[in-house]
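One-letter residues, chain by chain:
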Amino acid sequence: DTEQELSENEAASSTEGGEASPINDLGSAGSILKLIVLNCTTAEDSTINSGEPLDNKSTSTAEQTARNERNAGNCFLSVVHRLAASKSVSARVSACSLGPVLWNHLDFPRQLQLRGVITRALHDVDVGVRKATAAVVHEISEMLFDRRAVPWTVLMVERSMTDPEPQLRAAAMTLTWHLAEHLPNAFLGDASKGSLSIRRLPPRTDPTFMDVYLLQCKLLPVASNLAEDRIASVRLSVAAQCDRLCTALGEHWFSVIIDLLQALLSDRDDRVRSEAILCMPRLVESVISGASEDKSVSVLESLLPQALKMQKDASVLVRSSLATATGELLVFLVGLGGAGGSLSPPPSPGHGGVNIDEIGSYKYYKKHVDQTLIPLLQKLLQDTNPDVTSASLRAVTNASRSGARDRSGIPSCSHKPDVDDDLVSLASHQSHTSIDRTKPVFIPVLSEEQVLRLLPTLSNLATSTQWRVRQSAVEIVPALLGCTYRLETRNEISKLCINLMSDKVDTVRKTAAECFCLGGSSLARHGEDDGGEWITKIVVPHLRICSQSEDSKQRLLSLKMIDIIITNGLCPSKVSDPASSPSSFSSTEESPLRMLLDIASSRASDNVANVRLNVGRVLGSVLFLLDRSDVDYVVSVLEKQLEEETSKANGGDRDVVYFAQQALASRSLRRLESR
């Protein structure tokens, strides 16, 4: 297929099918060739294998087989040369794409020829060929097990850095940290398993340390030059991957990369500054996790002052990213303070600077949390732009209920989406109608004192003229409650919900009611009594007030709250009284669940039809969650409501009758199923 007709046809069909450009596709013939190369282990003649006759007396069968496997691709190199010399762009792309397939199946002289093909392709006039070649170099960097190939790979990275195409220069940053990550493999052993066999940088006492170090000295200027590129997208690529480069190069380059990120935090483009500030918590985690115990790295002292200046940045995007990064850094630092065994003593008074004892101590990290990060979040919460305020609220929420993480290993906050992020309103969550209720899996990060410090700011946001800001302010209540232990603090937090339950916007009222009720689920991790105390001592009293309000909207809201509490299993089995013994709870005492059912039944004769019909709707939805005695009580309430409604003129309101009948029908269906 010298004219590459198969590849051209497949490219056309892929384009018609709406798929991505098949620039790295080898075509049908190329795929067959790839399979042949990967599976070819037959012995070639002596001239192909090594240029010298084999000595069967001195060479074992196993060694000969291994050499044949390593050199099985020699006979296919002529095909690569023919494809690389073609005028077809697809053919030249295919020639490069065969590089990673053949790399480990060529002897060194023929590997030099393949390197020549790839080098020419990286200088090709067609930008598509150069992009495909950059991807090939990325793959080959994982297969370096011969130190003789490393200088050439570094040269390819430097060539990508000077390419006229900005996208290729941006890709050079990825090539830089990826090659740095795999450099030790070329000196410490076989890398045939690719990224699965990554080795760490050897210690300074190792003879190979200087070889790796000198090559790193060539890679670091690539990142520095890209950080000064005239195109913003290239600088953005550097800002997004500083943490990966930091991890790949090792701790002796930490200070240089910190300075690099500092420069990007002051970049003239707001997108670059935004990406740089988002990278900050990942870089801090990489540095603190990777630094040796005997080395003091003042990464926080270097980056936090720059971050504080960005709270006044003119760009909304930058301030929003600052709020997100502050929340992530808050979670990490608090986790460090509580993670580990013995804490080092604080520095002696009058000691200048930060010593290693202070670095390893809880007080050192707590100082930055209390004196820098929380005040910074408080200021961002008061930002005039609602996008920044919402981002700050999400940061507080995620810090209050951070997902359980393993802090003993590699940095974990980099390059993966945060599954605990509150990007969607609680009002849209379908989990409120779920029957199954699982225990929370989050760990509180903020202390109770820190929560109290945030409350005035949140209360101020609850009076914002933007209804979405008011809604966001109340959505974090369940998360904040998970950080508290005292009833007095919880009372203060509940005022956020109670005040907004009278909001003029229906969505805000519903969200406030939902968060008010669901707060008990956050407290359930302290024990059933702790969650029950929230329901019985705070929620139920206000629920009674809502049900007796003259405003029909409040009475409707009380029914919705009852539905949320029962459906999510938040109602305790009994009222917990510390002064009484467990045996003192008598069967005649009214349970919290019966209290809720009484409140709902009191609205069965409401003068507003919309309230009456919601009584039937709510009781019908929770009927199958009740025990026999409560079911009989609900049935008697519904039958009485149905009788009163049908006795009215014109048969009463048909919607009220319909929902009452539906609830009773569901009870009959339950009886049939039980039989």
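Everything in this summary refers to the structure shown in the same document. Only a predicted model underlies this, so the values are computations on that prediction, with no experimental measurement involved.

## Topic: the overall build of the protein
Within the protein, the regular secondary structure consists of 32 helices and two strands. Counting contacts in the protein only where the partners sit at least 6 residues apart, residues at least 24 apart contribute 70% of the total. Carbon and sulfur atoms form 52% of the exposed surface of the protein, whose accessible area is close to 31,800 Å².

## Some details on the side chain of arginine 509
Within the secondary structure, arginine 509 sits in helix H26 (residues 506–523). Note on arginine 509: relative accessible area 8%, which makes it buried. A polar contact is formed between the side chain of arginine 509 and the side chain of aspartate 506, at a distance of 2.9 Å. Those residues in contact with arginine 509, other than ones at most four positions away along the chain, are Leu500, Met501, Ser502, Asp503, Lys504, Lys553, Gln554 and Leu557.

## Focus: helix H29 (residues 592–601)
Most of H29 sits inside the fold, with eight of its ten residues counted as buried. Buried residues of H29: Pro592, Leu593, Met595, Leu596, Leu597, Ile599, Ala600 and Ser601, and no others.

## Looking at the packing of helix H14 (residues 242–249) against helix H16 (residues 270–290)
Packing of H14 against H16 brings their axes to within 8 Å, and their N-to-C directions diverge by 15 degrees. Looking at the two axes, H14 sits roughly parallel to H16. Once H14 is placed against H16, the crossing between them reads as right-handed. Contacts from Cys242, Asp243, Cys246 and Thr247 in H14 reach Cys279, Arg282, Leu283, Ser286 and Val287 in H16. Residue classes in the contact of H14 with H16 are distributed as five nonpolar, two polar and two charged.

## What about helix H30 (residues 609–622)?
Across its 14 residues, H30 extends 21 Å between first and last C-alpha, which sits within 8% of the 20 Å expected from 1.5 Å per residue. In terms of burial, H30 is a largely internal element, ten of the 14 residues being buried. Residues of H30 that are buried include every one of Val611, Arg612, Leu613, Asn614, Val615, Gly616, Val618, Leu619, Gly620 and Val622, and no others.

## So, the nonpolar core
Formed by 166 residues in total, the largest nonpolar core has its most connected members in Ile257, Leu300 and Leu303. Those residues in contact with isoleucine 257, other than ones at most four positions away along the chain, are Leu220, Cys242, Leu245, Cys246, Leu249 and Leu283.

## Some details on the packing of aromatic side chains
The final tally for this structure, using the stated rule, is four aromatic pairs. Relative to tryptophan 152, the ring of tryptophan 103 has its centre 5.8 Å away and its plane inclined at 20 degrees; by these criteria the two rings are stacked. Placement of tryptophan 103 in helix H7 (residues 99–103) and of tryptophan 152 in helix H10 (residues 150–161) is noted, with a sequence separation of 49 residues between them. Judged by relative accessible area, which is 2%, tryptophan 103 ranks as buried. Where tyrosine 658 meets phenylalanine 659, the ring centres are 5.3 Å apart and the plane angle is 75 degrees; that geometry is what we call edge-to-face. Overall, the relative accessible area of 44% leaves tyrosine 658 in the partly exposed class. Lying over the aromatic face of tyrosine 633, arginine 594 brings its terminal NZ or CZ to 4.6 Å of the ring centre.

## Brief notes about the environment of phenylalanine 332
Tracing the chain through its elements places phenylalanine 332 in helix H18 (residues 316–338). Note: C-alpha distance between phenylalanine 332 and arginine 282 (50 residues apart in sequence) is 9.4 Å.

## Examining unusual backbone geometry
With a phi angle near 65 degrees, asparagine 650 is a residue other than glycine that sits in the positive phi range. Following the sequence through the fold, asparagine 650 ends up in the loop between helix H31 (628–646) and helix H32 (654–674). With relative accessibility at 82%, the residue asparagine 650 sits in the exposed group.

## Examining the pattern of salt bridges
All chains considered together, the criterion is met by 21 salt bridges. For the salt bridge of arginine 273 with aspartate 313, the shortest nitrogen-to-oxygen distance reads 3.0 Å. In this pair, arginine 273 is assigned in helix H16 and aspartate 313 in the loop between helix H17 (299–309) and H18, connecting sequence segments 40 residues apart. Where lysine 495 meets glutamate 492, a salt bridge forms, and the shortest distance between an N and an O atom there is 3.2 Å. Here the residue lysine 495 and the residue glutamate 492 both occupy positions in helix H25 (residues 487–500), the gap between them amounting to three residues, near one helical turn. A single salt-bridge network, built from bridges that share partners, covers Arg130, Arg159 and Asp163.

Criteria and thresholds
Residues numbered from 1 in each chain as written. Predicted model: local features only at pLDDT ≥ 70, side-chain atom pairs only at ≥ 80, totals over all residues. Heavy atoms only, no water. Helix = DSSP H or I, 4+ residues; strand = E, 2+ residues; numbered from the N terminus. Contact = heavy atoms within 4.5 Å. Areas by Shrake-Rupley, 256 points an atom, 1.4 Å probe, with all protein chains shown as cover. Buried < 20%, exposed > 50% of the residue type's maximum accessible area, 1.4 Å probe, protein only. Polar contact = N/O pair within 3.5 Å; in protein donor to acceptor, adjacent residues only side chain to side chain. Axes fitted to C-alpha atoms, helices over the stretch in contact; angles between N-to-C directions. Parallel < 35°, antiparallel > 145°, perpendicular 65-115°, else oblique. Left-handed = near helix turned anticlockwise from the far one by under 90°. Nonpolar A, V, L, I, M, F, W, Y, C, P; charged D, E, K, R; others polar. Expected span 1.5 Å × (residues − 1). Core = buried A, V, L, I, M, F, W, Y, C linked by side-chain atoms within 4.5 Å. Phe/Tyr/Trp six-rings, centres within 6.5 Å; stacked < 30°, edge-to-face > 60°. Lys NZ or Arg CZ within 6 Å of the ring centre and 35° of its normal. Salt bridge = Lys/Arg side-chain N within 4 Å of Asp/Glu carboxyl O.

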